[in-house]
Amino acid sequence: MSKTSTLSLTEGPNATRVVGFGSAQGNRVVTNDDLARIVDTNDEWIQQRVGIVSRRLGEDDQTVVSMAVEAGSKALADAGLSPAEVDQVIIATCTMPGPIPNAAAQVADRIGIKASGAFDLNAACAGFCYALNTASDFIRAGSARNVLVIGAERFQEWLDWQDRANCIIFADGAGAAVVSPAEQPSIGPATLGSAGDMVDTIYLRENRYIYQEGQTVFRWATSEVAPVATRAVERAGLRLSDVDVLVAHQANLRIVEAIARKLQNQGARDDLVVARDIVHSGNTSAASIPLAIDHMRSAGEVNSGDVLLLVGFGAGLSYAGQVIICP
Ligand code: UT7
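Residues numbered from 1 in each chain as written. Predicted model: local features only at pLDDT ≥ 70, side-chain atom pairs only at ≥ 80, totals over all residues. Heavy atoms only, no water.

Going by what an unreviewed UniProt entry lists, the protein is known as Beta-ketoacyl-[acyl-carrier-protein] synthase III and is assigned to Actinopolyspora biskrensis. Its UniProt record, at the heading Catalytic activity (unreviewed entry), says of the protein: "malonyl-[ACP] + acetyl-CoA + H(+) = 3-oxobutanoyl-[ACP] + CO2 + CoA". The UniProt entry for the protein carries the following text under Pathway (unreviewed entry): "Lipid metabolism; fatty acid biosynthesis." (UniProt positions renumbered as here; feature names shortened; annotations may be inferred.)

What follows is the structure in structure tokens.
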């Protein structure tokens, strides 16, 4: 006869919110003219086709871990929380030097968060939205109380600096958010999905450098991402006209603007604020969404109480979107 045991379950609060943001970037500002000195490209092509004016790359000592530590520490300070109050650290990244060790345990230790749960999550450029959803669900299930979520990437070692189609796009940086329990929901349900049949459109070549079938991904992103964003708004019980700010993954300014236009054709407001952080940050993959929000908050372009629509998409292909209320 088999034994039957009953286990206790934890229960958490019904609602969560982001209570602080922070970011870090590589110290080196690299302009399009700088790149034109090492590869056959020019400022006009890059600005017209991708929208980047300059990007930031890390110095030798600015690793995924060190930039995540800087961004995470700033987010905790912004939230007014001490490291001791955090019990889970999630790092969204796809550019650690190798699969082990993970970044999260090191980041937690260096910030002074002792023995917290710590793991990395890889959904490429959609990673931050997945990690934010995971953090929110952990808290609502009673698995954690305050979660530090960080998107952090150092792309420069994964780029062939003779491949003009890719080396002009990607950059280094980190963006962090602190997620906590709330009285009222300020993080909406996520729309999560994938298109694994398109796995061959973004991958690492055998020489470990990134490859993209640029036009295929471009067409996919400009047609498939806006509906993901719309579903996230519906799942949060809002209408597109309620959205104040669109923060799409900063893949290419033309993609960001195409998504914004589609949403505006379907009811988003003409005065929708659109994150265009790629112009001076480049494409920082999992870091791009929190990096953009942190910069926009500092610049006064996003205010407390604003309805933010986040949508990430990239290699996998994996995508995710959710609505949050800005702290
Ligand atoms: O973040 C993860 C998700 N990724 C994305 O969402 C990326 C989506 N794709 C894109 O953003 C764009 O496809 C790229 C930025 C990657 C490329 O832009 P494109 O407008 O699709 O250019 P293309 O690849 O079709 O190339 C057009 C021309 C080609 O020359 P020919 O064959 O027409 O003579 C390229 O060789 O532009 C050339 N080209 C360049 N010229 C100057 C490609 N890269 C460069 C460059 N400078 N850096």
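With that out of the way, let us pick up the domain arrangement of the protein. When the domains of the protein are assigned, the result is domain 1 (15-182) and domain 2 (191-325). A straight line from the C-alpha centre of domain 1 to that of domain 2 covers 16 Å. Tallying the contact residues gives 47 residues for domain 1 and 41 residues for domain 2. Summed over both sides, the interface of domain 1 with domain 2 buries roughly 3,500 Å², with 59% coming from carbon and sulfur. Counting the surface domain 1 buries against domain 2, the share from its top three residues, F21, C125 and W158, is 18%. (Domains from an automatic or database assignment. Contact = heavy atoms within 4.5 Å. Buried area = accessible area lost by both parts, 1.4 Å probe.)

Another aspect to go through is the site of the ligand. Of all residues adjacent to the ligand, which total 23 residues, the nearest are T41, R164, Q212, Q215 and N252. Here an oxygen atom of the ligand and a side-chain polar atom of W45 are 3.3 Å apart. Taking N252, its side chain carries an N or O atom lying 2.7 Å from an oxygen atom of the ligand. Burial of the ligand by the protein amounts to 75% of the accessible area it has alone, namely 950 Å². Elements with a minimum of two residues in the shell around the ligand: α2 (43-49), α6 (164-167), α7 (214-235) and α8 (253-265). A total of four residues in the shell around the ligand trace back to one element, the largest contributor, which is α7. Classifying every residue of the shell around the ligand by side-chain character gives twelve nonpolar, seven polar and four charged. Two domains each put at least three residues into the shell around the ligand: domain 1 (15-182) and domain 2 (191-325). (Near = heavy atom within 4 Å. Polar contact = N/O pair within 3.5 Å; in protein donor to acceptor, adjacent residues only side chain to side chain. Areas by Shrake-Rupley, 256 points an atom, 1.4 Å probe, with all protein chains shown as cover. Helix = DSSP H or I, 4+ residues; strand = E, 2+ residues; numbered from the N terminus. Nonpolar A, V, L, I, M, F, W, Y, C, P; charged D, E, K, R; others polar.)

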